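# Survey of secondary and tertiary structure
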2 protein chains.
Amino acid sequence: MSADVAARRGIPDASVARLPGYLQALTNFAERGIGSVSSEELATAAGVSSAKLRKDLSHLGSYGVRGVGYEVDRLSYEISTALGLTQDWPVAIIGMGNLGRALAAYSGFATRGFNVIAVLDRDADLVGAAVGEHRIRPMGDLGALVRDDRLAIGVIATPADSAQEVADHLVSAGVRSILNFAPCVLDVPDDVMVRKVDMSTELQILAFHEQRRTGELDLSAQSTVEGVAL
Amino acid sequence: MSADVAARRGIPDASVARLPGYLQALTNFAERGIGSVSSEELATAAGVSSAKLRKDLSHLGSYGVRGVGYEVDRLSYEISTALGLTQDWPVAIIGMGNLGRALAAYSGFATRGFNVIAVLDRDADLVGAAVGEHRIRPMGDLGALVRDDRLAIGVIATPADSAQEVADHLVSAGVRSILNFAPCVLDVPDDVMVRKVDMSTELQILAFHEQRRTGELDLSAQSTVEGVAL
C-alpha cells in the first residue's frame, strides 16, 4: 500500500464529515465559473476556519499553492476520489411514501455518484407500481440485489414505526451501510454503519439566528437557565 | 441584559451548528430511559470529542457535575432554550411536490418547536387542494402570513429551477430565514440567512466508509491523486 492510500484510510472521521461540505462549496464555485479559490474563500463558503480546512485537506495530500490557492476542478476530483465517489454506488430506497418518492427523484444523488438501482416497499399493494423509471419491488428482493447488483447502501424512508423492521431486513440481506430518514434510533449490529438525516437540524440553526435577530428571548426560561448554571 | 444573555448571544457559529446534534443525542438517551450521561457518552453519541462538547456547552453555562455528568432532561431544556426552540416558530413550506408533502407530514419538525402554518405552491391548479390538515395556498399569501401570522422561516421544497424565484418571493414578503432543499445556490440580500439541506451529504460519508471497508479503491484514480499532491 502506498503512503498516500495509508494516509487516506487514516483520515479522521471529523474530517471525513466535512469533506462533503467542501465538495458542495467547490461545486457552487464551479457553477459560478470560478476556476480557483483561496483557502480563506473556500473555508468561508464551507463555514469552517481556514486553518481547519487546510488541515482537513492535508489528509488528502492537497496543500494548494501559495498566492493561487486551490484549483476548483482538481480539488473537487481529489475529494470525490477520497470519498469514493468516482465509482458508482448502488443504492436502494425503501418506503415509497412521499419522502421515498422525493428521494427517488432527487437529482442531487446522481450527480454525487449514487445510483438508485431499486425502490422497495413492504406493502404488497404497492409492489409493481411505477415510481419514475422504477417499479416498486418487494422486500424479499433485497437479497438478490446485494448478491447480483452489489447493493451497498440502503436508504430508509419509512415512517418511524416501521424503520426498525426495514433495518432488520437490510441487515439480514447483507447491507452494512444504512441512511435513515425516519426520526428514530435503529438497533443494528456493530459492523453496520447507520447515518441519520434529521431534517430539522438546519431549521434549528435558523431558529437560533432568528431569535438573536429579533431579540425576542424568553426571559422566564432564561432565568431558569441561569438558576441551574453550575 | 444579563451576562448570561450576552454570553449566549456570543455563542460561536460552529458551536451553534453542533447544538442540534447534542439535542438529538439527548433525545435518543431520553427515549431509552437514560436520565444522566457523562460528557464522554454524550460526545461519543454526537460524534465529537468530549473536550469540544464541554467547551460548546460552557457557552450555555452548562458544565455538568463531576462523577455524575449531565442530566438529560435539564441539558435538553437548556439547549432548546439557547436555540430558541422553547417558543414555536411559524414555518411555511413552498412547493407541494413529493418532497414538500413529505416535509409537511414530517413529525420531526413539530417535536422541535416548528409549526407548519401554511403550505404554498405557485401552480394555480394546485391551490386549494388538501395536504394533510392544510389547503395549498397561492404565493400571493406570503405577505399576509408574515404580517398577520409572524411567519419567520420559509422552506423551499421546489425543483432547482424554480427555487430562486420562490426565494425572491419570500424575501420580498419579508422572510429573512430560508431553508433550501433544492440542489442549487440562492442569491439573496446580505441580511437573509439561507441554510441548505443536501440530502446526499450523509450518503457521501457512508460511501467513504464502504470504500474503506471493501478496500475497493480505484487505483487508477489513486495514482492521479498522488501525481498532483503538492
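Residues numbered from 1 in each chain as written. Chains lettered and ligands numbered in written order. Predicted model: local features only at pLDDT ≥ 70, side-chain atom pairs only at ≥ 80, totals over all residues. Heavy atoms only, no water.

### Quick word on the sheet that holds strand S8 (residues 177-180) of chain B
Two pairing modes exist for strands in a sheet, parallel and antiparallel, and in both the strands are linked by backbone hydrogen bonds. Residues and elements named next belong to chain B. The 5 strands are arranged S4-S3-S7-S8-S9 in an open sheet whose pairing can be described as parallel. Pairing within the sheet leaves two strands with one partner each, and these edge strands are strand S4 (114-120) and strand S9 (193-196). Shown here is a sheet whose adjacent strand axes are inclined to one another by a mean of 25 degrees, direction ignored. Pairing of strand S3 (residues 89-94) with strand S7 (residues 153-156), which is carried by 4 bridges, proceeds in the parallel orientation. From the neighbouring strand, Ile 94 faces S7, where its bridge partner is Ile 156. (Pairing = 2+ DSSP bridges. Helix = DSSP H or I, 4+ residues; strand = E, 2+ residues; numbered from the N terminus. Axes fitted to C-alpha atoms, helices over the stretch in contact; angles between N-to-C directions.)

### Here's the deal with the relation of the copies chain A and chain B
Placing chain A over chain B gives an RMSD of 0.0 Å and needs a rotation angle of 180 degrees, together with 0.0 Å of translation along the axis. A rotation of that kind, with that shift, is consistent with a two-fold axis. The position closest to the rotation axis in chain A is occupied by the C-alpha of Asn98(A), lying 2.4 Å away. Counting the interface residues of chain A, we find that 99% of their copies in chain B are interface residues as well, pointing to one common contact surface. (Least-squares fit on C-alpha atoms with pLDDT ≥ 70 in both. Contact = heavy atoms within 4.5 Å.)

### Here we look at the sheet that holds strand S9 (residues 193-196) of chain A
Residue and element names in this part refer to chain A. Overall, mixed pairing links the 7 strands, which are arranged S5-S6-S4-S3-S7-S8-S9 in an open sheet. The sheet terminates laterally at strand S5 (130-131) and S9, the two strands that pair on one side only. Docked against the sheet, helix H8 (residues 142-149) engages strand S3 (89-94), strand S4 (114-120) and strand S6 (134-137), running at close to 155 degrees with respect to S4.

### Regarding the interface of chain A and chain B
Taken together, the contact pairs 86 residues of chain A with 86 residues of chain B. At the boundary of chain A with chain B, total buried surface from both sides reaches about 8300 Å², with 61% on carbon and sulfur atoms. Where Arg212(A) meets Asp13(B), a salt bridge forms, and the shortest distance between an N and an O atom there is 3.6 Å. Counting across the interface, chain A meets chain B through 12 residue pairs in polar contact (both at pLDDT 80 or more). (Buried area = accessible area lost by both parts, 1.4 Å probe. Salt bridge = Lys/Arg side-chain N within 4 Å of Asp/Glu carboxyl O. Polar contact = N/O pair within 3.5 Å; in protein donor to acceptor, adjacent residues only side chain to side chain.)

### Structural notes on the side chain of His209(A)
Here His209(A) shows up in helix H10 (residues 201-214). Its relative accessible area of 12% is what places His209(A) among the buried residues. Leave out the neighbours within four places in its chain, and His209(A) touches Asp13(B) and Met193(B). (Buried < 20%, exposed > 50% of the residue type's maximum accessible area, 1.4 Å probe, protein only.)

### As for the pairing of S3(B)
Residues and elements named next belong to chain B. Counted residue by residue, S3 has 6 buried out of 6 residues, so it is predominantly covered. Judged from the 6 bridges that link them, S3 and S4 form a sheet pairing that is parallel. Pairing of Ile 94 across the sheet is with Leu 120, part of S4.

### Remarks on the pairing of S4(A)
Residues and elements named next belong to chain A. Here S4 lies mainly inside the structure; 5 of its 7 residues are buried. As paired strands, S4 and S6 are joined by 2 bridges and run parallel to one another. What sits directly across from Leu 120, in S6, is Arg 137.

### Re the pattern of salt bridges
Throughout the structure, instances matching the rule amount to 11 salt bridges over all chains. Taking the shortest distance from any N to any O, the salt bridge between Glu165(A) and Arg122(A) comes out at 2.7 Å. Note that Glu165(A) is positioned in helix H9 (residues 160-173) and Arg122(A) in the loop between S4 and S5, a separation of 43 residues in sequence. Classification of Arg122(A) as partly exposed rests on a relative accessible area of 48%. In this structure, Arg195(A) and Glu202(B) form a salt bridge, with 2.5 Å as the shortest nitrogen-oxygen distance.

### A short note on the nonpolar core
Ile79(A) and Ile79(B) are the most contacted members of the largest nonpolar core, which totals 97 residues. If sequence neighbours within four positions are ignored, Ile79(B) has contacts with Leu19(B), Tyr22(B), Leu23(B), Leu26(B), Leu57(B) and Leu60(B). Judged by nonpolar contacts, the second largest core, of 21 residues, contains Ile94(A), Leu145(A), Leu151(A) and Leu186(A). (Core = buried A, V, L, I, M, F, W, Y, C linked by side-chain atoms within 4.5 Å.)

### Quick look at H9(A)
Residues and elements named next belong to chain A. Counted at 1.5 Å a residue, the expected span for H9 with its 14 residues is 20 Å, and the 21 Å between its end C-alpha atoms agrees. Regarding H9, the residues found buried are Ser 162, Ala 163, Val 166, Ala 167, Leu 170 and Ala 173. Buried residues of H9, viewed axially, fall in a sector of 155 degrees; they line one side. Among the exposed residues of H9, those pointing more than 90 degrees away from its buried face are Asp 161 and Ser 172. Contact partners of the buried residues in H9: S3, H8, strand S7 (153-156) and strand S8 (177-180). Downstream of H9 by a residue or two, Gly 174 has a phi angle that is positive, lying close to 105 degrees. (Expected span 1.5 Å × (residues − 1). Arc of directions from axis to C-beta.)

### Structural notes on the UniProt feature "binding site: NAD(+)" (unreviewed entry) in chain A
All names here are of chain A. According to UniProt, the feature "binding site: NAD(+)" (unreviewed entry) maps to Gly 95, Met 96, Gly 97, Asn 98, Leu 99 and Gly 100 in the numbering used here. You can see Gly 97 is positioned in the loop between S3 and helix H6 (98-104). One can find Gly 100 in helix H6. Looking at Gly 100, the relative accessible area reads 0%, which means it is buried. Those residues within four positions of Gly 100 in sequence are excluded, and the remaining contacts are Ile 93, Gly 95 and Ala 157. (UniProt positions renumbered as here; feature names shortened; annotations may be inferred.)

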